[in-house]
Amino acid sequence: MLAAMPPSSSKPRNGGESHIRDAPVRGRPDGPARPVRDRDDACPGALRLHRADDGGLARLRLPTGVLTPRQLFVLADAADRLGDGRVGVTSRGNIDLRGLGDGCGAELAEVLSDAGLLPSAAHERVRNMVVSPLAGLDGQGCADVQLWARELDGLLCAEAWTAALSGRFLFAVDDGRGDVAGLGGDVTLLAEPGGHALVRIGGRALRVAAADAPRAALAAAEAFLAAAREAGTGAWRVAELPEGRRVDVAGHLARAGVAAEPAAPEAYPVAGPPEPGVVGDGRAVSVVAPLGRVTSGQFRALAPAAEVRAAAVPRAEVRVTPWRGFVVTGLADHGAAEARLAALEEAGYLTRPDTPWLGVTACTGRPGCAKSLADVRTDARPLDHGGLPVHWSGCERRCGHPRGAWVDVLATGDATYDITVRDDVQKR
């Protein structure tokens with residue numbers, strides 16, 4: 001413990017949704033199988049609402065991370081009409097609506113379906129992907145992996161067996177720069193130069209043709225399900241398989257007709273999240289939602305201008321990032337990007353890389369979570385601890401905490417917080 005401190009009277013914007021945490025791995029392949037889960041997967045979705053203290057919670061998966069202007073307005077309107085008037089963005093780039101009233105589930109489902117946001121009711125909770133948000137925008141990376149993500153999503157929704165994946169199984173689709181490869185995906189696709197891709201799962205790596213990358217990811221997921229059934233421990237994620245349990249990726253790739261060759265499981269390339277500001281030559285801008293939660297009005301402010309929508313500018317869209325931010329595309333030039341950035345700063349977004357708020361996250365806290373001991377979103381503020389990210393938690397579950405080394409600010413229940421430095425690096 002480094003210190004104890006009282007809450008601040010400052011009131012930064014609310015937000016911050018829970019990051020999905022994993023159960024510890026139990027059992028060995030040469031010993032009796034012991035369950036790692038003692039309940040069914042209750043991860044919230046757009047159709048399965050979670051009951052919180054502040055009302056219903058719906059979580060919408062965005063496999064490509066992309067919202068069209070129309071979809072953005074649909075979500076903002078739904079937040080106003082059915083929820084608490086706010087929109088949350090999670091550490092997986094999903095969208096949360098909170099404060100939903102009783103009996104609104106059918107209406108919400110109809111609204112989302114009409115907007116093209118629910119292509120399959122049976123698969124809506126398993127469409128979990130994080131995708132390099134700047135792919136195809138800044139001249140970096142080896143492939144526009146948005147195409148891979150769209151194809152993989154279509155493959156997931158087309159197969160009945162994929163509905164057996166848990167709502168926590170994660171695909172990471174990286175364009176080669178290394179921004180999402182290290183986010184703990186169960187299956188990771190990493191674009192390589194020369195029209196190739198690495199598919200990685202459980203410490204193994206195989207090289208496939210770039211055109212085969214989506215089918216390879218699907219085959220790897222099928223291999224996991226086979227290994228999980230054989231283990232009999234109820235694992236939801238690859239890291240939960242018994243130690244030493246082999247995932248037969250090569251066999252499933254062969255059965256899927258995907259040619260693959262073994263590759264050394266070298267360290268991933270490492271790149272940080274998109275910095276707030278103008279992206280590349282000015283075709284896009286990047287901003288961050290303070291504590292991952294914005295009002296419906298702030299959310300609408302992300303939409304392209306009416307004249308841009310009317311002209312059907314190519315790629316005039318909003319990309320949701322797994323760092324609780326947004327990339328707004330379809331801008332004409334650097335001048336237009338600067339003007340757009342200024343407008344979004346006025347709307348309340350973080351638009352500069354030097355703001356200390358970029359390193360601050362928080363759990364839901366009171367009043368939305370019954371387990372929380374404090375209104376952490378009101379109390380949260382930046383702390384100077386050597387540049388480490390700072391996460392404010394209302395209870396010992398520490399929902400939403402960063403990966404790796406971070407500053408843990410934990411509510412104690414007596415109007416103070418304990419501050420420690422933690423390092424939760426996980427090997428996958």
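Can you explain the pattern of salt bridges? Please cite residues and give values.
Per the counting criterion, the structure on display carries 20 salt bridges. Measuring nitrogen to oxygen at the nearest pair gives 2.8 Å for the salt bridge that ties D77 to R300. With a gap of 223 residues between them, D77 in helix α1 (residues 69–82) and R300 in helix α6 (residues 296–300) connect regions that are remote in the sequence. Of the residues examined, D77 reaches a relative accessible area of 35% and is grouped as partly exposed. Judged by relative accessible area, R300 falls into the partly exposed class, the value being 24%. Among the ionic pairs, D408 bridges to R398, the shortest N-O distance being 2.6 Å.

Can you break down empty space enclosed by the protein residue by residue, with the values?
The probe, sized like a water molecule, is rolled over the atoms to show the empty space still left. Throughout the structure, instances matching the rule amount to three cavities of 30 Å³ or more. There is about 70 Å³ of room inside the largest cavity. Lining the largest cavity are 13 residues, with T64, G65, V131, V320 and P322 sitting closest to its centre. Elements supplying a minimum of two residues to the lining of the largest cavity: β7 (129–131) and β16 (318–321). Ranked by residue count, the leading element in the lining of the largest cavity is β7, at three residues. If you trace the second largest cavity, you find it lined by A46, A58, R59, L60, L75, I95, D96, L97, L108 and L112. Elements supplying a minimum of two residues to the lining of the second largest cavity: β3 (55–60), β6 (95–100) and α2 (105–114). The residue makeup of the lining of the second largest cavity, split by class, is eight nonpolar, no polar and two charged.

Talk me through the side chain of R377; I want residue IDs and the actual numbers.
Assignment of secondary structure puts R377 in helix α9 (residues 376–379). As a buried residue without a salt bridge, R377 has its nearest oppositely charged side chain in D375, at a separation of 4.8 Å. Among the polar contacts listed, one links the side chain of R377 to the backbone oxygen of T364, at a separation of 2.5 Å.

Can you tell me about the environment of V131, naming the residues and giving the values?
Among the structural elements, V131 can be located in strand β7. The exposure class assigned to V131 is buried, which follows from its relative accessible area of 6%. Leaving out residues up to four positions away in the same chain, V131 has contacts with P63, T64, V145, Q146, A149, V173 and V180.

How would you sum up the packing of aromatic side chains? Please name residues and give values.
Going through the model one piece at a time under the given rule, you end up with five aromatic pairs. With 6.0 Å between their ring centres and 65° between their planes, F299 and F326 make a pair best called edge-to-face. A residue pair is termed long-range when its members are at least 10 positions apart, and F299 in helix α6 and F326 in strand β17 (residues 325–329) qualify at 27 residues. Residue F299 shares its accessibility class with F326, and that shared class is buried. The interplanar angle of 70° and the centroid separation of 5.0 Å between the aromatic rings of W392 and Y417 together place this pair among those described as edge-to-face. In this pair, W392 sits in strand β19 (residues 390–393) while Y417 sits in strand β21 (residues 417–423), placing the two residues 25 residues apart along the sequence.

Go over the sheet that holds strand β15 (residues 293–295), please, and point to the residues and values.
Sheets are built from strands that pair by backbone hydrogen bonding, the pairs being arranged parallel or antiparallel. What the five strands build is an open sheet, ordered β2-β3-β6-β5-β15; its pairing is antiparallel. Bordering the open sheet on either side are β2 (50–52) and β15, each of which pairs with just one other strand. Adjacent strand axes in the sheet meet at a mean angle of 30°, parallel and antiparallel pairs treated alike. Relative to β6, strand β5 (residues 86–89) runs antiparallel, the two sharing three bridges. Within β6, the position partnered with G88 by the bridge is D96. Against the sheet, α1 makes contact with β3, β5 and β6, and its axis sits at roughly 15° relative to β6, the strand it touches most.

Give me unusual backbone geometry: which residues, what numbers.
The amide bond that connects R366 to the next residue, P367, takes the cis arrangement and shows omega of 0°. Positioned with a positive phi, R398 is a non-glycine residue whose angle comes to about 55°. Looking at the element boundaries, R398 is found in the loop between β19 and β20 (405–411).

Account for the sheet that holds β17, naming residues and giving values.
The five strands lie next to each other as β4-β16-β17-β14-β13, forming an open sheet whose pairing is antiparallel. Two strands lie at the open edges of the sheet, namely β4 (66–67) and β13 (277–279), each paired on one side alone. Here β16 pairs with β17 via four bridges, running antiparallel. Bridging from a neighbouring strand, V318 pairs with V328 of β17. On top of the sheet, helix α8 (residues 334–347) reaches β13, β14 (284–288) and β17; it is set at about 20° to β14, its chief contact.

Reading guide: rules and limits
- Residues numbered from 1 in each chain as written.
- Predicted model: local features only at pLDDT ≥ 70, side-chain atom pairs only at ≥ 80, totals over all residues.
- Heavy atoms only, no water.
- Salt bridge = Lys/Arg side-chain N within 4 Å of Asp/Glu carboxyl O.
- Helix = DSSP H or I, 4+ residues; strand = E, 2+ residues; numbered from the N terminus.
- Buried < 20%, exposed > 50% of the residue type's maximum accessible area, 1.4 Å probe, protein only.
- 1 Å grid on protein atoms, 1.4 Å probe; cavity = no way out; pocket = protein on both sides within 12 Å on 5 of 7 lines; lining within 4 Å.
- Points joined across faces, edges and corners; volume = space filled by probe spheres on them.
- Nonpolar A, V, L, I, M, F, W, Y, C, P; charged D, E, K, R; others polar.
- Lys, Arg positive; Asp, Glu negative; His and termini not counted.
- Polar contact = N/O pair within 3.5 Å; in protein donor to acceptor, adjacent residues only side chain to side chain.
- Contact = heavy atoms within 4.5 Å.
- Phe/Tyr/Trp six-rings, centres within 6.5 Å; stacked < 30°, edge-to-face > 60°.
- Pairing = 2+ DSSP bridges.
- Axes fitted to C-alpha atoms, helices over the stretch in contact; angles between N-to-C directions.

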